[in-house]
Amino acid sequence: MTTATSKKKSGMKKITVPQLISMKRAGQKITMLTAYDYTMASLLDSAGIDTLLVGDSMAMVVQGHENTLPVTLDEMIYHAEMVGRAAKRALVVVDLPFPINHQGVYQTVIAAGRILKETRCQAVKLEGGAEQAEVIKALVSAGIPVMAHVGLRPQSVHTMGGYKIQRDKEQLIEDAIAAQEAGAFSIVLECIPSEIAKIATERLAIPTIGIGAGPDCDGQVLVINDMLGMTSGHVPSFVKAYANIREVISNAAQEWCEEVRDGSYPDEAHSFE
Ligand code: KIV
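Residues numbered from 1 in each chain as written. Predicted model: local features only at pLDDT ≥ 70, side-chain atom pairs only at ≥ 80, totals over all residues. Heavy atoms only, no water.

Glancing now at the packing of aromatic side chains. Taken as a whole and judged by the stated rule, the model has 1 aromatic pair. A centroid spacing of 6.4 Å and a plane angle of 55° characterise the contact between tryptophan 256 and tyrosine 265, whose relative ring orientation is tilted. (Phe/Tyr/Trp six-rings, centres within 6.5 Å; stacked < 30°, edge-to-face > 60°.)

Let's shift gears to the pairing of strand β8 (residues 219-222). Across 4 bridges, strand β1 (residues 30-34) lies against β8 in parallel orientation. Counted as the bridge partner of leucine 33 is leucine 222 from β8. With 2 bridges connecting them, strand β7 (residues 208-211) and β8 associate as parallel partners. Paired with glycine 210 across the strands is glutamine 220, a residue of β8. (Pairing = 2+ DSSP bridges. Helix = DSSP H or I, 4+ residues; strand = E, 2+ residues; numbered from the N terminus.)

Let us now look at the site of the ligand. The ligand sits among Thr34, Leu53, Gly55, Asp56, Ser57, Asp95, Lys125, His149, Ile211 and Val223. Serine 57 places a polar side-chain atom, nitrogen or oxygen, 2.5 Å from an oxygen atom of the ligand. Protein coverage of the free-state accessible area of the ligand, which is 260 Å², stands at 95%. Each residue belonging to the shell around the ligand can be placed in one class, and the counts come to 3 nonpolar, 4 polar and 3 charged. (Near = heavy atom within 4 Å. Polar contact = N/O pair within 3.5 Å; in protein donor to acceptor, adjacent residues only side chain to side chain. Areas by Shrake-Rupley, 256 points an atom, 1.4 Å probe, with all protein chains shown as cover. Nonpolar A, V, L, I, M, F, W, Y, C, P; charged D, E, K, R; others polar.)

Here the protein chain is partitioned into domain 1 (3-242) and domain 2 (244-273). Each of domain 1 and domain 2 has a C-alpha centre, and the two are 38 Å apart. (Domains from an automatic or database assignment.)

With that settled, the discussion passes to the nonpolar core. Counting residues in each nonpolar core, the largest one holds 60 residues, and the members touching the most others are Leu52, Leu139, Ile187 and Leu189. Here the element with the most residues in this core is helix α5 (residues 73-86); it accounts for 6 residues. (Core = buried A, V, L, I, M, F, W, Y, C linked by side-chain atoms within 4.5 Å. Buried < 20%, exposed > 50% of the residue type's maximum accessible area, 1.4 Å probe, protein only.)

Here's what the structure looks like:
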């Protein structure tokens, strides 16, 4: 069966990089959420999310580290493969983990190439703007679509002295334009004032995806655990929780424990004759 026939049969059309750029031109907002495993990625894909991000936030929300630095390339690939397998429609972007894109163009192309070869995902994201222009160019010329990430860059948490709003307007705009000129197809703008995000969005031909960057970006992204109300510690003020899954899970687990302890589970309906 050809790829075209199998897609026709499943009735599901995969979102493409050029399509995301067309969405900006058409004024259609782009949705992106993080996903780290098959079940969640399938749910989000069926819900109609345009883009899934296998973010290095996985280091914090899945692995329990205090920042995003410890997650490895092999771990990113392991999880990206699950998400790539689940996503029938959404375009899947995978973060290059720290410090791969600072190890030179050659190492970065090898790492990003592994991601595309081994995971069925379609693009990589890297933190940086102007200073990453050479790396972005090399990836793009190797056929690897790149989403850049400017503003608050969590992989530079130690240099930035914490997770702080970034307000250097000239630098932010310069980074965004440099990433576009290097060939990035989209840019995440994290934790910057709405006014700067608006200017960047108007100046760029490629879509901006905001997180803590106000309403004028071409799209929005959130960490899934935060937007579902699953995060136990600090949640950034720009996050809106659309559910309280932490409470739902906790209540269900407590109820199940009670029923097992008092003997009411399993009852007849949940046992074999
Ligand atoms: O790793 C991640 O989840 C991200 C988003 C916060 C944009 O980079």
